[in-house]
Amino acid sequence: MRLALFQPDIPQNLGAFIRLSAGLGVPLDVIEPCGFPVDDKRIRRAAMDYYDLAALVRHASWAAFCRDRPPGRLVLLTTAGAERLPEATFRPDDILLMGRESAGVPAEVHAAADLRVRIPLQPGARSLNVALAAAMVLSEALRQTSGFEKLA
């Protein structure tokens, strides 16, 4: 199981993803360019003391991510997903991909996904914070695949 973040816009969300990755022992792929300056100092500040616990891989572009990513299904979290989270079935080698906070993902990224999952919300609610949505879906994915067994 992996998390992947497509061109994040908000540094604090990247920090939340790094903490989520570190806490649950799930690698995190960051697909650049980001919507803010990115260097080790800024990432360390956003991640606080979780940086060294996280398995963080940076990719210069979508093409670089596609070329270098490990095998596994690409599962896109999207408000336009056909599969509702409660009905989704996850695999241990899934890569859970989240889009930009401001714009989601472009059509080519959407088309590359093997599965598109949405979190059902009450009428009138557009979406959840991307880090919160990722935590919800990752938790269910780890539950289904016995991913919590390796944790304390």
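Everything numeric here is computed off the predicted structure, so don't read it as measured data. (Residues numbered from 1 in each chain as written. Predicted model: local features only at pLDDT ≥ 70, side-chain atom pairs only at ≥ 80, totals over all residues. Heavy atoms only, no water.)

### Section: the sheet that holds strand 1 (residues 2–6)
Put simply, the rule reads: The pairing criterion is simple: DSSP has to find at least two bridges between the two strands. Strands here mean DSSP runs of E at least two residues long; helices mean DSSP runs of H or I at least four residues long; both are numbered from the N terminus. Two residues form a contact once any of their heavy atoms are found within 4.5 Å. Only C-alpha atoms enter the line fits that serve as axes; for helices the fit covers just the stretch in contact. Angles between N-to-C directions range over 0 to 180 degrees.
Spatially, 7 strands are ordered 3-2-1-6-4-7-5 in an open sheet, and the strand pairing comes out parallel. Only two strands of the sheet have a single neighbouring strand rather than two, namely strand 3 (56–59) and strand 5 (83–84). Judged from the 4 bridges that link them, strand 1 and strand 2 (residues 28–31) form a sheet pairing that is parallel. Looking at the pairing, L3 lines up with L28 of strand 2. Each of strand 1, strand 4 (74–77) and strand 6 (95–98) touches helix 5 (residues 130–144); the most contacted strand, strand 6, lies at about 165 degrees to it.

### Observations concerning the pairing of strand 7 (residues 115–118)
Heads up, the rule is: For the exposure calls, accessible area comes from a 1.4 Å probe over protein chains only, and a residue counts as buried if that area is under 20% of its type's maximum, exposed if over 50%, partly exposed in between.
Only one face of strand 7 is covered, namely the face carrying L115 and V117; the face carrying R116 and R118 is uncovered. Relative to strand 7, strand 4 runs parallel, the two sharing 3 bridges. Its bridge partner being in strand 7, L77 is matched across the sheet by V117. In terms of strand pairing, strand 5 meets strand 7 through 2 bridges, oriented parallel. Across the sheet, R84 pairs through a bridge with R118, a residue of strand 7.

### Topic: the packing of aromatic side chains
Which entries qualify depends on this criterion: We call Phe, Tyr and Trp rings a pair once their centres come within 6.5 Å, taking the six-membered ring for Trp, and we label the pair stacked below 30 degrees between planes, edge-to-face above 60, and tilted otherwise.
Per the stated rule, a full pass over the model turns up 2 aromatic pairs. The interplanar angle of 75 degrees and the centroid separation of 6.1 Å between the aromatic rings of F6 and W62 together place this pair among those described as edge-to-face. Pair noted here: F6 is in strand 1 and W62 is in helix 3 (residues 62–68), with a separation of 56 residues, a long-range link. For F6, a relative accessible area of 2% corresponds to the buried category. Following the ring pairs from residue to residue traces out a cluster consisting of F6, W62 and F65.

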